[in-house]
Every structure is written in structure tokens, then in C-alpha cells.
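Chain by chain, the residues:
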Amino acid sequence: MRATPRTPRPVARTAALLAASALLLGACGDGDGDADATTGTGGDPAPRLEVTDAWARTSPRTADAGAVYLRIANDGDADDALVGVEVDPAVAARAELHETVNVEDGGDGGQDGGMDDGGTPGDAGHGGGMGGGMMEMRPVDRIVVPAGGEVVLEPGGLHVMLLDLAAPLEAGSGVELTLEFEESGEQVVTADVRDEAP
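Novice: Now, about the overall build of the protein chain: what can you tell me, with residues and values included?
Specialist: Helix and strand counts for the protein chain stand at two helices and 10 strands. Going from the N terminus to the C terminus, the protein chain shows its helices and strands as α-α-β-β-β-β-β-β-β-β-β-β. Contacts spanning at least 24 positions in sequence make up 70% of the contacts within the protein chain whose residues lie at least 6 apart. When the accessible surface of the protein chain is totalled, it reaches about 11,500 Å², and 50% of it is carbon and sulfur.

Shown next as C-alpha cells:
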């Protein structure tokens with residue numbers, strides 16, 4: 001008679017131990033998941049980026065290029081960098097990261113066009129006549145977004161260049177861009193096309 005009552009006790013203990021183990025493992029798993037969400041590779045804090053104020057300047061019918069400007073804020077504890085940009089081929093053949101530099105010798109640096117003093121895009125969609133010298137557009141590989149800071153892409157500075165436009169950029173329309181960040185991955189933004197800066 002004693003053998004019958006003893007059989008359930010080990011089964012009950014085993015079940016209780018398995019349940020306790022499952023709870024402990026579940027708790028550990030939740031903690032690891034939270035850590036992964038707030039850290040990058042190697043345990044470094046991940047950047048937290050916000051892209052705002054995206055806009056593109058209208059382009060004349062003769063222009064084959066355009067420019068997009070925006071603001072990127074990094075609320076994280078680690079630097080990040082904008083390393084690439086893509087645009088729908090229905091808008092432009094390609095998009096590149098560019099910077100504007102002053103050419104001291106007054107040459108145009110091989111540009112096909114630029115901006116007059118009033119900021120009207122020429123064939124290149126940007127450039128020209130600022131501060132009495134000629135401005136040249138040059139591609140850049142990356143744009144650093146510092147931890148706890150921001151970077152502004154604006155006329156006369158860093159910007160996204162749209163090359164070989166499929167059609168002129170008209171006010172009231174929008175341009176969708178896919179921004180590629182070194183640490184944060186891809187982010188899709190829409191730039192409002194405007195006659196002037198917001």
C-alpha cells in the first residue's frame with residue numbers, strides 16, 4: 001500500500017522543478033531581449049536617430065539634377081553616419097551624398113551648372129555665386145551624426161543630390177528617399193518639394 005502513495009510525490013516535485021526552471025529561463029530571456037534593444041553590436045549603446053525637415057527644391061524644366069535637404073538628430077550615446085541614399089528611378093536615376101565647397105581659383109570645377117546669386121538651381125541643381133567665389137559640389141562617402149548632436153543638410157553645405165531627374169521637381173509633390181545609416185540601418189523619409197526653404 002505504501003508504494004502507491006509515494007509514486008505521485010516524485011512526479012509532483014519534478015513538475016514543480018520544471019515549472020520553476022521555466023520561469024527562471026523566461027525571466028532571463030526577457031532581460032536579454034531588453035538589452036539587445038538598447039545596445040548595438042558588442043554591447044555599445046545604439047544611436048537613436050530622428051530625421052526631420054526634409055525638403056527638396058523645385059527644379060527648372062531644363063535641370064537634370066536636384067537637391068534634397070534635411071535634419072538628422074542623434075539622441076543616442078554613440079556616433080552614427082549617413083553612408084548612402086536611394087531614390088525611386090521614376091524620380092531620378094540615382095542619389096548621392098554631396099558637399100558644397102568654395103573653389104578659390106574661380107573655376108567651376110567641371111560642373112555643368114550651378115546656382116545664381118539668388119539660389120536658383122541651374123543644370124547641376126545647386127552651386128555657384130556664394131561669397132563672390134564659385135561653389136563646387138563634391139560627393140562624400142559618409143556624413144557623421146555625432147552622439148547627442150545633429151547634422152543639417154542645407155543649401156550651401158551638405159545635401160542629397162538627385163541625378164538624371166526623370167521629370168522636373170514640382171512644388172506640392174514629394175520625393176521618397178531611403179537613407180542608409182552605418183549603425184541604425186535604413187530609414188525612409190519623404191521630402192516635400194518647395195520653392196524655398198521652410
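Anyway, onward from the coordinates.
Novice: Could you give an account of the side chain of Thr100, naming the residues involved and the relevant values?
Specialist: In this structure, Thr100 sits in strand β4 (residues 92-103). A polar contact of 3.0 Å, which involves the side chain of Thr100, links it to the backbone oxygen of Gly157. If we skip the residues at most four places from it in the chain, Thr100 touches Met135, Glu136, Met137, Gly156, Gly157 and His159.

Novice: Account for the nonpolar core, naming residues and giving values.
Specialist: Grouped together as the largest cluster of nonpolar side chains are 30 residues, with contacts concentrated most on Ile72, Val160, Leu162, Leu177 and Leu179. What Leu162 contacts, discounting residues up to four positions off in sequence, is Asp64, Ala65, Gly66, Val68, Val87, Val91, Ala92, Arg94, Ala95, Leu169, Val175 and Leu177.

Novice: Describe the packing of aromatic side chains, naming the residues involved and giving the relevant values.
Specialist: A complete count under the given rule lists one aromatic pair for this structure. Between Trp55 and Tyr69, the ring centres sit 4.8 Å apart and the planes meet at 40 degrees, which makes this aromatic pair tilted. In this pair, Trp55 sits in strand β1 (residues 49-57) while Tyr69 sits in strand β2 (residues 65-74), placing the two residues 14 residues apart along the sequence. Each member of the pair, Trp55 as well as Tyr69, carries the same accessibility label: buried.

Cut-off values and rules
- Residues numbered from 1 in each chain as written.
- Predicted model: local features only at pLDDT ≥ 70, side-chain atom pairs only at ≥ 80, totals over all residues.
- Heavy atoms only, no water.
- Helix = DSSP H or I, 4+ residues; strand = E, 2+ residues; numbered from the N terminus.
- Contact = heavy atoms within 4.5 Å.
- Areas by Shrake-Rupley, 256 points an atom, 1.4 Å probe, with all protein chains shown as cover.
- Polar contact = N/O pair within 3.5 Å; in protein donor to acceptor, adjacent residues only side chain to side chain.
- Core = buried A, V, L, I, M, F, W, Y, C linked by side-chain atoms within 4.5 Å.
- Buried < 20%, exposed > 50% of the residue type's maximum accessible area, 1.4 Å probe, protein only.
- Phe/Tyr/Trp six-rings, centres within 6.5 Å; stacked < 30°, edge-to-face > 60°.

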